[in-house]
Amino acid sequence: MNFDKNRFQTETVTLNGETVRFRSWRNLSYVDRPVNPEFQQMNIFAPEDYFEGKSINGYRLATAPVFMPNTVGGYMPGMLNQPGCTHFGPARPNSIFCALQHGYVVAAPAIRGRTQKDESGKFTGKAPACIVDYKAAVRYLHYFAADLPGDENKIITNGTSAGGALSALMGACGNHPDYEPYLKALGAADAGDEIFAASCYCPITNLDHADMAYEWQFLHVNDYHRRHMKLNEGGRPSFTPVDADMTPLQIKTSAEEAAMFPAYVNSLQLKDHAGSPLVLDRNGEGSFKEYVKQIVLASAQRAIDNGLDVSDKKWLTVKNNKAVAMDFAGYVKDITRMKTAPAFDDLTMNSPENNLFGSETTDCRHFTAYSSQNSLADGSLAESGVVKLLNPMYYIEDEKAVTAKHWRIRHGECDRDTSLAISAMLTVKLQNNGARVDYHAPWDTPHSGDYDLEELFAWIDSICK
């Protein structure tokens, strides 16, 4: 693990008629004892203009924020990334290209994921490997800050889905001793891993309570609609629709999971901006549900203000161009259920999250008491301490953690991959503990990220300048 500022390449990339010139430091190992060396590396990029004495958007070499995106999805290994086009959806410049254009320094780490093994056949990417690697990469930036481009006191992490969850973890649990044994084992730099701000798109987080939240939202919606993905010959994903009804056991599970959610919400002691408690009664009704409804109504209002036609949403009441009320059950039925119950800790241990919480020798494990007790696969239960390491909610109030003061959370209005309650609880918990959170559920937006980079960069500028 080292950094030589003089060992760089000068590169140029042109996309859609736009060109960026930058210096690159590639394949930097961010730990001394990597177990998957090709995934415990980082690329660093900085606009070439800075080395010619120029400024971009008011930033210079020493003052530019450090944008730190990850490529993790589904808790799979996150590959090294570079300026170029996005890998999914319509071809467009990726966040690294756009960030360099905007004047940011970019640190892009690869991160281990749930399927990886070492030469002996032991699993090396199970929890908490993903968050440990992200922390180690941040420690590298802090350790070599004197020689690195940019302002390492202004690190902003960014990710989508599981990557959004990792960004949230980075924001919540900076420098917490729970992670120290794992970092020491890898030979991480002797520095802090706190960050300045976290950008989180549709974070698949709070996994040990995500089943309850999902069934609270989708209770009584017993048909599901999802897409089965496979890679074609060119390596790009193709999708086949799957439409079906839940089984009687899944319907029973849905009701039982939903019934457990109010107690969890109430245990968080959340409060709204006026200081009033956000709670649920035993039937899942109450002020917390009204808070979630207001998130959807605010999304609808922004759509109306932008001239979008929302008249097809029969669950939405609009008067004088104002979204004034909604039928929550109608809304949920409209966006449709994607996952069967339980959505994350599958009773047959066949979910990505079951795979995430495996061990060195076990591919999949349960991570909730409910699924462990009702397992159809005689599955073992992951250690509670390991499950905790993947949940930012446990660290936001912990005095041993350095929690970022600036957050941007986006959860699409029609996202069905996890409950809207998950990002809502994260937001309120942060706000109740003094963090500034820019939170929105963009209208008619599914599970996705990096779709509003201009707005994201405007937010970064607002907290950095």
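Computed from a predicted model, the values in this text were never measured in an experiment. (Residues numbered from 1 in each chain as written. Predicted model: local features only at pLDDT ≥ 70, side-chain atom pairs only at ≥ 80, totals over all residues. Heavy atoms only, no water.)

Counting its regular elements, the protein contains 13 helices and 13 strands. Relative to its length of 465 residues, the protein is compact, with a C-alpha radius of gyration of 22 Å against a globular reference of 23 Å. In terms of overall dimensions, the protein has C-alpha extents of about 65 × 60 × 50 Å along its principal axes. By residue count, 57% of the 465 residues in the protein fall in the buried class. (Helix = DSSP H or I, 4+ residues; strand = E, 2+ residues; numbered from the N terminus. Rg over C-alpha atoms; globule rule 2.2 N^0.38 Å. Buried < 20%, exposed > 50% of the residue type's maximum accessible area, 1.4 Å probe, protein only.)

Right, let's get into the pairing of strand E3 (residues 41-47). By the criterion of burial, E3 is predominantly enclosed, with seven of the seven residues buried. Of the two faces of E3, the one lined by Gln41, Asn43, Phe45 and Pro47 and the one lined by Met42, Ile44 and Ala46 are each fully buried. Where strand E2 (residues 18-29) and E3 come together, six bridges link them in antiparallel fashion. By the bridge assignment, Arg23 is partnered in E3 with Ala46. Here E3 runs beside strand E5 (residues 105-109); their pairing, made up of four bridges, is antiparallel. Bridging across to E5, Met42 finds its partner in Pro109. (Pairing = 2+ DSSP bridges.)

Strand order in the open sheet formed by nine strands is E1-E2-E3-E5-E4-E6-E7-E12-E13, and the pairing between neighbours is mixed. The strands lining the two open edges of the sheet, one partner per strand, are strand E1 (9-15) and strand E13 (436-440). With strand direction ignored, the average angle separating the axes of adjacent strands in the sheet is 20°. Looking at chain direction, strand E12 (residues 406-410) and E13 are connected through five bridges and run parallel. The residue bridging Arg408 from the neighbouring strand is Asp438, located in E13. In the packing of helix H13 (residues 453-464) onto the sheet, the strands contacted are strand E4 (65-69), strand E6 (151-160), strand E7 (197-201), E12 and E13, and the crossing angle to E12 comes to about 165°. (Axes fitted to C-alpha atoms, helices over the stretch in contact; angles between N-to-C directions. Contact = heavy atoms within 4.5 Å.)

This part is about the pattern of salt bridges. Oppositely charged side chains may form a pair once their charged atoms are brought near each other. Tallying each qualifying case throughout the model produces 23 salt bridges. Of the charged contacts in the structure, one is a salt bridge between Glu11 and Arg26, with a shortest N-O distance of 3.0 Å. Residue Glu11 is found in strand E1, and its partner Arg26 is found in strand E2; the two are separated by 15 residues along the sequence. With its nearest N and O atoms 2.7 Å apart, the salt bridge here joins Asp452 to Arg408. (Salt bridge = Lys/Arg side-chain N within 4 Å of Asp/Glu carboxyl O.)

This brings us to the packing of helix H5 (residues 207-218) against helix H12 (residues 420-432). Helix-helix packing: each pair is described by the crossing angle between the helix axes and the interaxial distance. The geometry of H5 relative to H12 is characterised by a closest axis approach of 8 Å and an angle of 120° between their N-to-C directions. Between H5 and H12, the angle is such that the two are oblique. For the pair H5 and H12, contact is made by His209, Ala210, Ala213, Trp216 and Gln217 and by Leu420, Ala421 and Ile422, respectively. For the contact of H5 with H12, a count of residues per class yields six nonpolar, two polar and no charged. (Parallel < 35°, antiparallel > 145°, perpendicular 65-115°, else oblique. Nonpolar A, V, L, I, M, F, W, Y, C, P; charged D, E, K, R; others polar.)

Cis peptide bonds are those with omega within 30 degrees of zero, and the linkage from Ala127 to Pro128 qualifies with 10°. Residue position: Pro128 is located in the loop between E5 and helix H2 (129-143). Geometrically, the link from Ala341 to Pro342 is a cis peptide bond, its omega value of -10° lying close to zero. Positive phi values are uncommon outside glycine, yet Ser161 reaches one of about 65°. In this structure, Ser161 sits in the loop between E6 and helix H3 (162-172). Its relative accessible area of 14% is what places Ser161 among the buried residues.

Across all of its chains, the model carries zero disulfides by this definition. With no disulfide partner, Cys98 has as its closest neighbouring cysteine sulfur the one in Cys85, 9.8 Å distant. Between Cys464, a cysteine without a disulfide, and Cys200, which holds the nearest cysteine sulfur, the sulfur-to-sulfur distance is 15 Å. (Disulfide = S-S within 2.5 Å.)

The next point concerns the side chain of His411. Residue placement: His411 occurs in the loop between E12 and H12. In terms of polar contacts, His411 uses its side chain to reach the side chain of Ser423, at 3.1 Å. Not counting the four nearest positions on each side in its chain, His411 is found in contact with Cys202, Thr418, Ser419, Leu420, Ser423, His440, Ala441 and Pro442. (Polar contact = N/O pair within 3.5 Å; in protein donor to acceptor, adjacent residues only side chain to side chain.)

Across all of its chains, the model carries 22 aromatic pairs by this definition. Ring geometry for Tyr143 versus Phe144: centroids 5.0 Å apart, planes at 85°, classification edge-to-face. Classification of Tyr143 by relative accessible area gives partly exposed; the value is 46%. The rings of Trp216, Phe261, Phe288, Tyr291, Trp315, Phe328, Tyr331 and Trp443 are connected pair by pair, giving a single aromatic cluster. A cation sits over an aromatic face here: Arg23 above Phe51, 3.9 Å from the ring centre. (Phe/Tyr/Trp six-rings, centres within 6.5 Å; stacked < 30°, edge-to-face > 60°. Lys NZ or Arg CZ within 6 Å of the ring centre and 35° of its normal.)

This part covers the environment of Trp216. Locating Trp216 in the fold gives a position in helix H5. A C-alpha to C-alpha distance of 19 Å links Trp216 and Asn374, two positions 158 residues apart in sequence. There is a polar contact of 3.0 Å between the side chain of Trp216 and the backbone oxygen of Gly284.

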